[in-house]
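As a plain string of letters, each chain reads:
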Amino acid sequence: MSDVLFEKRPDGVGLITLNRPESLNAMGGELMPLLAHYLEEAEKDREVRCVALTGAGRGFCAGGDVKGMQTRNSGGEGGNGERPDMISSLESGVRGLRQSQLETAHKLHTMGKPTVAIVNGAAAGAGLSLALSCDIRFVSEQARFLTAFKGVGLSGDYGSSYFLPRLVGMGKARELFFTNEIINAQRALELGIANHVVPHDQLMDQALAFCAKIAAGPTATYARMKHNINLAETSTLKELLDQEAMNMRLSGLSVDSREAVRAFVEKREPNFVGQ
């Protein structure tokens, strides 16, 4: 069975499922390369108009594969107590991690399609990062969130130190990193980590219905909305206003905008085609 599953649903939703349930979908095996592959496929496929990310079994994603970390850290040492390939290993590791982060967390945050994390259980460490990198988080009442990096002596990756402060504030983000506090679903909703919390047995039905509703909207316009919002995180007001003006006029020329205007005049619901 593949470490990641990809389902193109007829309602325009591309459902990506992390599929290592025996390890709470920890990032071992081929999980991260396959996630990157399917995100790229979903981004390029015009029939996919909303991307949903979830986990198989009891967890969303437990983050890094700690057993795999132990294997990587147990290599031989030289006579001076240092591994002879330390520098080259570090350089290679940094390159690989940077690329993986761009192909997954960065892609979820910046692709021109809405992305929704359907959090069915634990989202910890880099698994939390993946959930935070999505535009919206639809959460089971059984979900739990944990920065987790402190527990394995690591500083954090896949964008958690970027996304978390923007959702909960800088002070609370520091506390969550330093204490490893476990956040339940209701607290996640209060903090702004979760957008919606629903009963566990209704999670997939409600979340996928939500995704389908988004997918039926003006998806090309969503891309420009995301562009504006992402730029707002780092730009001056003047830079943002310039970009808003460009995206507003481009949106006005779109097929979907013209259809929406006609539908308004004709007093009916618009039929968006994503162009």
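Placed above this text is the structure.
What you see is a predicted model, and the numbers here were worked out from it, not measured in a lab. (Residues numbered from 1 in each chain as written. Predicted model: local features only at pLDDT ≥ 70, side-chain atom pairs only at ≥ 80, totals over all residues. Heavy atoms only, no water.)

Engineer: For this particular structure, what's the right way to read the environment of Leu191?
Structural biologist: Within the secondary structure, Leu191 sits in helix H7 (residues 185-191). Leu191 sits 22 residues away from Gly169 along the chain, and the two C-alpha atoms are 9.0 Å apart. Excluding residues within four positions of it along the chain, Leu191 makes contact with Leu167, Val168, Lys172 and Ile183. (Helix = DSSP H or I, 4+ residues; strand = E, 2+ residues; numbered from the N terminus. Contact = heavy atoms within 4.5 Å.)

Engineer: How should I be thinking about the nonpolar core in this particular structure?
Structural biologist: Most often, soluble globular proteins have nonpolar side chains that are buried together. Counting residues in hydrophobic clusters, the biggest one holds 45 residues, and the most contacted among them are Ile16, Leu53, Phe60, Val119 and Phe145. Counting residues per element, this core draws most heavily on helix H1 (residues 31-44), which supplies 6 residues. Once residues within four sequence positions are removed from consideration, Val119 is found in contact with Phe60, Ala131, Phe138, Val139, Ser140, Ala143, Phe145 and Leu203. If you look at the next biggest cluster of nonpolar residues, it comprises 17 residues, including Cys50, Leu203, Ala207 and Leu208. (Core = buried A, V, L, I, M, F, W, Y, C linked by side-chain atoms within 4.5 Å. Buried < 20%, exposed > 50% of the residue type's maximum accessible area, 1.4 Å probe, protein only.)

Engineer: Is there a simple way to explain helix H3 (residues 86-110) in this structure?
Structural biologist: Side chains three or four residues apart in an α-helix point the same way, a direct result of the helix having 3.6 residues per turn. In a regular helix each residue adds 1.5 Å, so 25 residues correspond to 36 Å; H3 covers 34 Å between its end C-alpha atoms and thus fits that length. Of all the bends found along H3, the most pronounced is centred on Leu102 and spans about 35°. Listing the buried residues of H3 in full gives Ser100, Thr104, Ala105, Lys107, Leu108 and His109. (Expected span 1.5 Å × (residues − 1). Bend = angle between axes of the 7 residues up to and from the residue.)

Engineer: Can you walk me through the sheet that holds strand E9 (residues 183-184) in this structure?
Structural biologist: Strand pairing in a sheet is mediated by backbone hydrogen bonds. Such pairs are either parallel or antiparallel. Ordered in space as E4-E6-E8-E9, the 4 strands form an open sheet in which the pairing is mixed. Edge strands, defined here as strands with exactly one partner in the open sheet, are strand E4 (59-61) and E9. Running at roughly 100° to strand E6 (residues 122-124), helix H4 (residues 126-133) makes contact with E4, E6 and strand E8 (144-146) of the sheet. (Pairing = 2+ DSSP bridges. Axes fitted to C-alpha atoms, helices over the stretch in contact; angles between N-to-C directions.)

Engineer: Help me out: how do you make sense of the side chain of Glu259 in this one?
Structural biologist: Structurally, the position occupied by Glu259 is in helix H11 (residues 255-266). A distance of 3.2 Å separates a polar atom in the side chain of Glu259 from a polar atom in the side chain of Arg262. The contact partners of Glu259, leaving out residues within four places of it in the chain, are Arg268, Glu269, Pro270 and Asn271. (Polar contact = N/O pair within 3.5 Å; in protein donor to acceptor, adjacent residues only side chain to side chain.)

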